[in-house]
Each structure stands twice: as structure tokens, then as C-alpha cells.
Amino acid sequence: QVQLVESGGGLVQAGGSLRLSCAVPGRAFSRYAWFRQAPGKEREFVATIPWSIGSTYYADSVKGRFTISRDNAKNTVYLQMDILKPEDTAVYYCAASVLVIANMREDAYRFWGQGTQVTVSS
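Note that the coordinates shown come from a computational prediction; the quantities given were computed from them, not determined experimentally. (Residues numbered from 1 in each chain as written. Predicted model: local features only at pLDDT ≥ 70, side-chain atom pairs only at ≥ 80, totals over all residues. Heavy atoms only, no water.)

S.K.: When you look at the sheet that holds strand 3 (residues 18-23) in this model, what are you seeing that I'm missing?
M.R.: Sheet strands associate in pairs through backbone hydrogen bonding, adopting either a parallel or an antiparallel arrangement. On the basis of which strands lie adjacent, the open sheet formed by four strands has the order 1-3-8-7 and antiparallel pairing. In this open sheet, the two strands that pair with only one neighbour each are strand 1 (5-7) and strand 7 (66-71). With direction set aside, neighbouring strand axes in the sheet form an average angle of 20°. As judged from the six bridges shared by strand 7 and strand 8 (residues 76-81), these two strands associate in the antiparallel manner. For Arg70, the partnering residue across the bridge sits in strand 8 and is Val77. (Pairing = 2+ DSSP bridges. Helix = DSSP H or I, 4+ residues; strand = E, 2+ residues; numbered from the N terminus. Axes fitted to C-alpha atoms, helices over the stretch in contact; angles between N-to-C directions.)

S.K.: What's the story with the state of the cysteines in this structure? I'm lost.
M.R.: When the sulfur atoms of two cysteines share a covalent bond, that bond is a disulfide. One pass over the full model with this rule turns up one disulfide. The disulfide bridge from Cys22 ends at Cys94, spanning 2.2 Å between sulfur atoms. Between Cys22 and Cys94, the disulfide has an S-S torsion of -90° and is therefore left-handed. Remark: Cys94 occurs in strand 9 (residues 90-97) and Cys22 occurs in strand 3; sequence separation between them is 72 residues. (Disulfide = S-S within 2.5 Å.)

S.K.: Got a minute to help me understand the pattern of salt bridges in this structure?
M.R.: Where charged atoms from two side chains of opposite charge come close, those side chains can pair. All chains considered together, the criterion is met by six salt bridges. Residue Lys63 is joined to Asp60 by a salt bridge in which the shortest nitrogen-to-oxygen separation is 3.1 Å. Across the pair Asp107 and Arg105 runs a salt bridge, and its minimum N-O distance is 2.5 Å. For the pair formed by Asp107 and Arg105, the shared burial category is exposed. When salt bridges that share partners are traced, they join Arg36, Glu44, Arg65 and Asp88 into one network. (Salt bridge = Lys/Arg side-chain N within 4 Å of Asp/Glu carboxyl O. Buried < 20%, exposed > 50% of the residue type's maximum accessible area, 1.4 Å probe, protein only.)

S.K.: Help me understand the nonpolar core, please; the structure alone is not making it clear to me.
M.R.: For soluble globular proteins, the rule of thumb is that nonpolar side chains tend to be buried together. Grouped together as the largest cluster of nonpolar side chains are 35 residues, with contacts concentrated most on Tyr32, Trp34, Leu79, Met81 and Tyr92. Only strand 3, strand 4 (31-37), strand 5 (44-50), strand 7, strand 8, strand 9 and strand 11 (116-121) provide two or more residues apiece to this core. A per-element tally of this core places strand 9 first, with five residues. Ignoring any residue separated from it by four or fewer positions in sequence, one finds Leu79 in contact with Leu18, Arg19, Leu20, Trp34, Val46, Ala47, Phe66, Thr67, Ile68 and Tyr92. (Core = buried A, V, L, I, M, F, W, Y, C linked by side-chain atoms within 4.5 Å. Contact = heavy atoms within 4.5 Å.)

Structure below.
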């Protein structure tokens, strides 16, 4: 059974930082991503990273503030979030894809974690 387990969410003031972690199956999948869903809104793409070689991609709304990374030895994908804004408040989900090519569409990702709540106060 595939499991993706997110952690690291919490409450932070605007301008602060948080680091999310996602325990993943490692090279069982070609690419991992973070998505988020704010209250009353559709889930949206945040960032994606390949498990081996390849490029990372970010949503324009987080570019320059968020950094996605991985630790292959620990089978973990991270999302470092800096200069947080109230509009970053959402449930953040980790997702896995068998596709090598970067994709920002939800349907490209077959497995999902349960999500972790991030709340940014103004």
C-alpha cells in the first residue's frame, strides 16, 4: 500500500517560515509534488520535483518564497516556505506521479497524502 505522510504544518505569523515534510516511497515514483487547498477554493499546484534527475517547477504565486527539495537517503520530500502570507493558508498535500515529465495537473498524480494544515495569521 502506497503511503505519503505529510508533517510540519502549523500556525505562523505573516513573514514567518515553515518546513513541510513528506515521507514517500522513494524511487517507486518518478516525480513528487505539493498541492494546496484553501477554504472554499479548488486544490492548486504549488511545486514539483523529480526523484532523480530533472527540473523543479513552482506556481507563480510561490516562486521565490518556497523551495521544494528531497533527501533520497531519507525518502523524504520537503517544502520550505518562507515569507509566508495569509493567502498561503491552506491544507497542503504531498502527491506522487509515475510520470517523468513535470506536470501541474492533479490528474497526473496518482497517490496523495492526507494533508497538513498551514495557517498564516496577519
